[in-house]
Amino acid sequence: MITLLTLLPFVGGLFVLLVGRNRALARLVAMLFGVGALLITCFFWWGFDPQFPGMQYEVLHPWVPSLGMAYHVGVDGLGILMLALSALVVVISLAASWANENHDRLYFALVLFLECGLFGTFTALNFVHWFIYWELSLIPAFFLVRLWGGPNRARASMLFFLYTMVGSIALLLAFLAIFLATGQFDFVQLAQLGQSGQLTTALAQNLHWSGNPQHLALLVFWGAFLGFAVKTPVVPFHTWLPRTYSEASSETTMLLTGAMSKMGVYGFLRILLPIFPHQMQQEMKPLLWMAVATIVLPAFAAWVQKDLKRTFAYSSINHLGYCVLAVCAVASFTGTTAEAAIEKSAALTGVLLQIFSHGLTAAALFWFIALLERRSGGLRGIDEFGGLRRVMPVFSGLMGIAIFASLGLPGLNGFPGEFLIFKGVFALAPWAASISVLGLLMTAVFLLTVIQKVFSGPVNPRWEAMPDLTTAERWVFLPIIGLMFVIGLYPQLITGMVHVTVAQWAAGVRF
Amino acid sequence: MITSSLIVFVGLLLGWWFYGRKPILRATDPDALERLQPGLFRALANRLYVDEFYEGTVIAFTRFFAAFAAGLDRWVFGGAVKLVAWIVTGFGWLDAGVDRFVVNGGFDEACREVGRGGSLFSRFENGRVQRYLGVIALALVVLGVMLLWGHRG
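The rules behind each value
Here the residue numbering is sequential within each chain, running from 1 through the sequence in written order. All chains are assigned letters beginning at A, and all ligands numbers beginning at 1, according to the order in which they are written. Per-residue local features are limited, in this predicted model, to residues with pLDDT of at least 70; the limit for side-chain atom pairs, both in listing and counting, is 80 or more; totals at the level of whole chains, interfaces and linings are taken over all residues. In this description, a residue-residue contact is defined by the distance between C-beta atoms placed from the backbone, which must lie within 7 Å. Residue classes follow a fixed rule: Ala, Val, Leu, Ile, Met, Phe, Trp, Tyr, Cys and Pro count as nonpolar, while Asp, Glu, Lys and Arg count as charged, and any other residue, Gly among them, counts as polar. Simply put, an axis is a line fit to the C-alpha atoms, just over the touching stretch for a helix, and the angle between two N-to-C directions goes from 0 to 180 degrees. The helix count covers DSSP runs of H or I at least four residues long, the strand count covers runs of E at least two residues long, and both are numbered beginning at the N terminus. Relative orientations are named as follows: roughly parallel for angles under 35 degrees, roughly antiparallel for angles over 145 degrees, roughly perpendicular for angles from 65 to 115 degrees, and oblique for any other angle. Working rule for handedness: look at the near helix, and if it is turned counterclockwise from the far one by less than a right angle, call the crossing left-handed; if clockwise, right-handed. Two strands pair under a simple rule: DSSP has to find at least two bridges between them. Burial is judged by counting other C-beta atoms within 10 Å of a residue's own C-beta: 20 or more means buried, 12 or fewer means exposed, and anything between counts as partly exposed, with every C-beta placed from the backbone.

Caption draft 1: Highlighting the interface of chain A and chain B. Across the boundary between the two partners, chain A contributes seven residues, which contact 10 residues of chain B. Split by residue class, the side of chain A that touches chain B holds six nonpolar, one polar and no charged.

Next comes the structure, spelled out in structure tokens:
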């Protein structure tokens, strides 16, 4: 079934390319395949047993056994959540592209190819198989940024590609070293070796390392870390993001921030935390400082941006910083008490909620920006609007809800994740949580500044005739905004699916 | 209870002292407190300068730090990336220069020399018997000169 789900968007992409130059038909076919993938994901969600401690829908076929390669796929609480998020964000992005005349059949095909890459990445349990999808997803993303977007998109796409490639090469080298030392590429097996400490010994012994074994293990860890730190991104490996997000078309940015950036956090949870817990614990200070910097600096930088897309790009870095902070805090704490396990579970549950919530909210926010751009002839400067709530009350109201969700207002989807992250991190790494609160505060400052400058004050005479959301747009936004309330008021929808996975992680990260 | 009641009565007394004894008849008349304590009145009228205090401290620092964070992003992190890009581009140019002028240049020059040598030697091998006999004669002369020179030595 997972294979079918992964291949469906790929086949859809080929179909879209084959339907000819008819844009309307291409977008319809793309939407059908996107919705089909979402329905299959819902079927997975429905059939997923949240109490089962392990991988579900698992498929394991030997591929090249001598090289440790196997076709090994499956999902746990994290995997099912990522599948649902990817499928949802792709459908939202396709809906946003519906009225964008610049997006032709190639665009829609690339979106589906990217979805295939995302599904593959979130279900693969063998490094080689996983890495192929990880890299494949980069190719459609590169062309989506390169072919549709702002005037500096060529430079932005090159920066995005090169940054990610540097990270990927470091990651590949790290895993080649691991394979040479252990003969394993399987994540589940490697996690057992990592948690028992055998990985460090095996690396030193089998790679004929004459120095301190810990140093070699740390070197391998930092290589793997770089790959995920670029993708997430973590400060200081983040400078590709504001430029890429602001230069790519808003519909592409929805995909990048809603689904693709989650690949980095997924890597932290699926690979770094289970396979390198000792190394993360050893390097906790620089890791926590990087996480704090990822939260605080972009929040401040977002405040002085003049471009709405750049503001929300920095906001994305800041929001994913909370996830990195929680993962690093969990790894940094050495206690094995029941209280520690509870706090670790809280922090990790918060991460999963934050991943899903941010994906949904960020995709919605960039869609609102896309609509604003389309109605204003391509403008998106914060100071170029004003008083929009009088001329576009529905648009302003719904975007306001999405902004408040991003801000972490109780009752909306941003709150439970951030609350649980801070609840856990305050107990595990109090100093890091205390400094990171500044990021929460600044998030409120810059998001309220956006509301004030764009929606309040006197109406800019240029936009007095700006049309509000159409009926069709309102109907499309309704389920998205509704989901924000549902997750905000009933987070058990997600926590109920992931709690066994989280409990296993929390139990696994012991020293 | 007694303390709070006392505070209430002191407040009432102060209110009567300022405003009850000599009521303000017109809106344009100065306030009693303004007449008696102009400094205190100004401070109260400006909300004890709390807003100004925040503007000069917390908000000023936040503005500065936001500009600093954006600058850090643009100049330090972005600068580091640019530096790496320049270094890599520099190496690229250096490599291209070595390729073009040293490797290609040397190889091309060697090829040209071989070509020139070939064209020079081709003059001796043009298919005409007269030229071959001439070359043989020249070679014999050179050989004879060398033998004679060696014999004398």
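On we go from here.
Caption draft 2: Up close: the packing of helix 15 (residues 284-303) of chain A against helix 16 (residues 308-332) of chain A. All names here are of chain A. Between helix 15 and helix 16, whose axes approach to 8 Å, the crossing angle comes to 160 degrees. Comparing their axes, helix 16 and helix 15 come out roughly antiparallel. Crossing of helix 15 against helix 16: the hand is left-handed. Grouping the constituent residues of the contact of helix 15 with helix 16 by class yields 18 nonpolar, six polar and no charged.

Caption draft 3: Up close: the pairing of strand 2 (residues 69-75) of chain A. Residue and element names in this part refer to chain A. Bridge analysis of strand 1 (residues 56-64) against strand 2 gives six bridges, and the strand direction is antiparallel. Across the sheet, Gln 56 pairs through a bridge with Val 75, a residue of strand 2. The hairpin turn running from strand 1 into strand 2, its antiparallel successor, is four residues long, and Gly 68 in that turn takes a positive phi close to 70 degrees.

Caption draft 4: Here's a closer look at the environment of Glu 115 of chain A. Residues and elements named next belong to chain A. Position of Glu 115 relative to the elements: it lies in helix 4 (residues 105-123). Separated by 106 residues in sequence, Glu 115 and Pro 9 place their C-alpha atoms 6.3 Å apart. Apart from residues no more than four positions distant in its own chain, Glu 115 is found in contact with Pro 9, Ala 37, Ser 86 and Val 90.

Caption draft 5: View of unusual backbone geometry. Residue Thr 232 of chain A is joined to Pro 233 of chain A through a cis peptide bond whose omega torsion reads -5 degrees. Take Pro 233 of chain A: it is sitting in the loop between helix 10 (213-231) and helix 11 (240-247). Of the consecutive residues Val 235 of chain A and Pro 236 of chain A, the connecting peptide bond is found in the cis state with omega at 10 degrees. Within the secondary structure layout, Pro 236 of chain A lies in the loop between helix 10 and helix 11. Phi is positive for Tyr 57 of chain A, which is not a glycine, with a value near 55 degrees. Checked against the element boundaries, Tyr 57 of chain A lands in strand 1. Among the residues examined, Tyr 57 of chain A registers 19 C-beta atoms within 10 Å and is labelled partly exposed. Positioned with a positive phi, Arg 47 of chain B is a non-glycine residue whose angle comes to about 55 degrees.

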